[in-house]
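Report on the structure
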Amino acid sequence: MTTDYLSKIIALTGLRIQEAGPCYLPSATEHEIQARWYGGQFGENFKSTEGKEISILDFGRWNHESGPDFKDCKIQIEGSEPVFGDIEIDLDARSWERHGHATNPAYNDVALHVFITAPVAACFARTELHRHIPQIQLQAQTVEEPKRTSAQISVVSPTLMKWRDEEVVRFLESAARYRMEVRGQALARTIAVRGEQEALYQAIASALGYKNNQIPFLLLAQRSGLTRREGIDGEALLFGLAGFLDGGEFHLFDPKSRSYQRELWDSWWSMRSQFDRLILDADAWSLTGCRPANHPHRRVAALACINKKFTAIFKTFSSGDMAQCIGEFNSLHHPFWEQYWTLASDSLPRKLSLIGEQRINEILTNVFFPYRLMQFQDGWDAFSGRTEAPYRRLREDLLRFFGPRPKLTPLLRKCVIQQGLLQVVRDLRRAL
């Protein structure tokens, strides 16, 4: 099915689309590069700037203190004995010298320098002891995703509009299958370096963040992990790493909020020094267009509850019991966050679910089904039978690319058609 979809895209555009691989968009931030690197999304095998084969055997752990980004890593160069050391990631190759790493003893154990861009002149990395450090330049995608234009659409629309309804449905179903397989492959790369439970926890965290806050939530999951899940400590760790706890003027809030925040702060204060370097900056979060129910404060609380119940949630992913999986997410409960939008908001007049139906559907589509398809080669039939209210944009895309399709409009409620249409529009934009 995937081969059929790719061949049709190539036939339509005359160009081979960018397939999933170890690359990034040029607009990516340093936070995003670090998160994707740590999750294994760039792969495990690279060529150094000197042409040597480099394999990452262990991506190490986030460094809690000053110094390189990742500690206790294990790399292999040209098949030789593994080298143990640290890894530093920069957006620019010149940052090694500009940031004073070459004269800082904290960087003496760096075994690999990873960067994104470099000037025409070669840049080298060395330690304070003048030891040469191998370097990797990550590969960028050559094209940013452009906005749709009527000219682009007109290139393919005449062909697409001639297709019978049955052809359109088969095309969209194959596109959805391809989309699931790509997600499954990305999840498999993270599983290879982090294990199944951590990989799924990180993927669920990303799904909680919506489009604009996926990277901050991924970083929270990576930097906290699944090890501190019990009691208030795990919750305080997440809120502290998110940068949402500042020990401010608690008297400004109502008694219930004041008590809750004081409890979080007292727990966070005792461990803050251990994680100070990993606290996210305020500008890492996007609140533009964010509905109150989707505020990052509530989503961090949801992640804390998922963390505490993750053993049960993981069992539903492993068993493939979708109904039980939905039940576990619906059962998430928090006495404070069921009545508050944010840490600073007033109490709500009625209780609100911690995770709504739409967000659970997103987790199923983006994590549960790709995982089942990739690990167990099942779940496709169950996914194909799911329905969900379509976005308005999907109706517009169906009309613009395939023309008036009154018989197909009702099918937009099917998740498989929605996902297929999203993939087709994305790939046509990039190819054209």
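The rules behind each value
- Residues numbered from 1 in each chain as written.
- Predicted model: local features only at pLDDT ≥ 70, side-chain atom pairs only at ≥ 80, totals over all residues.
- Heavy atoms only, no water.
- 1 Å grid on protein atoms, 1.4 Å probe; cavity = no way out; pocket = protein on both sides within 12 Å on 5 of 7 lines; lining within 4 Å.
- Points joined across faces, edges and corners; volume = space filled by probe spheres on them.
- Nonpolar A, V, L, I, M, F, W, Y, C, P; charged D, E, K, R; others polar.
- Core = buried A, V, L, I, M, F, W, Y, C linked by side-chain atoms within 4.5 Å.
- Buried < 20%, exposed > 50% of the residue type's maximum accessible area, 1.4 Å probe, protein only.
- Helix = DSSP H or I, 4+ residues; strand = E, 2+ residues; numbered from the N terminus.
- Contact = heavy atoms within 4.5 Å.
- Axes fitted to C-alpha atoms, helices over the stretch in contact; angles between N-to-C directions.
- Parallel < 35°, antiparallel > 145°, perpendicular 65-115°, else oblique.
- Left-handed = near helix turned anticlockwise from the far one by under 90°.
- Pairing = 2+ DSSP bridges.
- Salt bridge = Lys/Arg side-chain N within 4 Å of Asp/Glu carboxyl O.
- Phe/Tyr/Trp six-rings, centres within 6.5 Å; stacked < 30°, edge-to-face > 60°.
- Lys NZ or Arg CZ within 6 Å of the ring centre and 35° of its normal.

**Notes on the layout of surface pockets**
Over the atoms rolls a probe the size of a water molecule, and in doing so it shows where empty space is left. Considering only enclosed or pocket space, the second largest pocket measures out at about 260 Å³ in volume. Lining of the second largest pocket is provided by 17 residues; of these, Tyr 210, Asn 212, Thr 288, Gly 289 and Cys 290 occupy positions nearest its centre. Grouping the amino acids of the lining of the second largest pocket by side-chain chemistry returns five nonpolar, nine polar and three charged.

**Things to note about the nonpolar core**
Note on soluble globular proteins: their nonpolar side chains tend to be buried together. Core analysis: the biggest nonpolar cluster contains 116 residues, and Trp 37, Leu 220, Phe 239, Trp 268, Phe 317, Phe 329 and Phe 402 have the highest contact counts within it. With eleven residues, the top contributor of residues to this core is helix H5 (residues 165-194). Contacts of Phe 329, omitting those with residues within four sequence positions, involve Ile 204, Ile 306, Ile 313, Phe 317, Ile 355, Ile 360 and Ile 363. Counting six residues, the second-largest nonpolar core is a separate cluster that includes Trp 96, Ala 102, Tyr 107 and Val 110.

**Description of the packing of helix H12 (residues 322-330) against helix H13 (residues 357-376)**
Look at H12 against H13: their axes get within 11 Å of each other, and the N-to-C directions meet at 130°. Here H12 lies oblique to H13, going by the angle between them. The two elements H12 and H13 cross, and the hand of that crossing is right-handed. Here H12 contributes Met 322, Cys 325, Ile 326, Phe 329 and Asn 330 to the contact with H13, which in turn contributes Ile 360, Ile 363, Leu 364, Phe 368 and Phe 369. Grouping the amino acids of the contact of H12 with H13 by side-chain chemistry returns nine nonpolar, one polar and no charged.

**Here's the deal with the pairing of strand S3 (residues 53-58)**
Every other side chain in a regular strand lies on the same face of the sheet, so the side chains alternate between the two faces. Here three bridges tie strand S2 (residues 45-47) to S3, and the two strands are oriented antiparallel to one another. Across the sheet, the residue bridging to Lys 47 is Glu 53, located in S3. In sequence, S2 turns back onto S3 through a hairpin of five residues, with Gly 51 there showing a positive phi of about 85°. Bridge count between S3 and strand S5 (residues 70-77): four bridges; the pairing is antiparallel. What sits directly across from Ile 56, in S5, is Ile 75.

**A few points about the packing of H5 against helix H6 (residues 196-208)**
Interhelical geometry of H5 versus H6 gives an angle of 135° and a closest axis separation of 7 Å. Viewed along their axes, H5 and H6 adopt a mutual orientation that is oblique. Relative to H6, the crossing made by H5 is right-handed. Each of Leu 187, Thr 190, Ile 191 and Arg 194 in H5 lies in contact with H6, whose residues at this interface are Glu 196, Glu 198, Ala 199, Leu 200, Gln 202 and Ala 203. Considering only residue class, the contact of H5 with H6 consists of five nonpolar, two polar and three charged.

**With respect to the pattern of salt bridges**
Inspection of the entire model under this criterion finds 17 salt bridges. Of the charged contacts in the structure, one is a salt bridge between Glu 97 and Arg 126, with a shortest N-O distance of 3.8 Å. With a gap of 29 residues between them, Glu 97 in helix H3 (residues 95-98) and Arg 126 in strand S8 (residues 125-126) connect regions that are remote in the sequence. Take Glu 97: its relative accessible area is 41%, and that puts it in the partly exposed class. Of the residues examined, Arg 126 reaches a relative accessible area of 31% and is grouped as partly exposed. Its salt-bridge partner being Glu 328, residue Lys 309 comes within 2.9 Å of it at the nearest N-O pair. With Lys 309 in the loop between helix H10 (296-308) and helix H11 (310-319) and Glu 328 in helix H12, this residue pair connects regions lying 19 residues apart in the sequence. A residue is classified by how much of its surface remains accessible, and Lys 309, at 27% relative accessible area, is partly exposed.

**Looking at the packing of aromatic side chains**
Aromatic ring pairs are defined here through the distance separating the ring centres and the angle between the ring planes. Evaluated as defined, the whole model comprises 25 aromatic pairs. Consider the rings of Trp 37 and Phe 46, whose centres lie 5.3 Å apart with planes at 25°: the pair is stacked. A ring pair is formed by Phe 336 and Trp 337, whose centres lie 5.0 Å apart and whose planes are at 85°; its orientation type is edge-to-face. Each member of the pair, Phe 336 as well as Trp 337, carries the same accessibility label: buried. The structure contains a cluster of three or more aromatic residues connected by ring pairs, namely Phe 317, Phe 368, Phe 369, Tyr 371, Phe 376, Trp 380 and Phe 383. A cation sits over an aromatic face here: Arg 177 above Trp 380, 5.1 Å from the ring centre. Its guanidinium or amino end placed over the ring of Trp 62, Arg 223 lies 4.4 Å from that ring's centre, counting from NZ or CZ.

Spatial relationships are all this shows, so hold off on functional conclusions.
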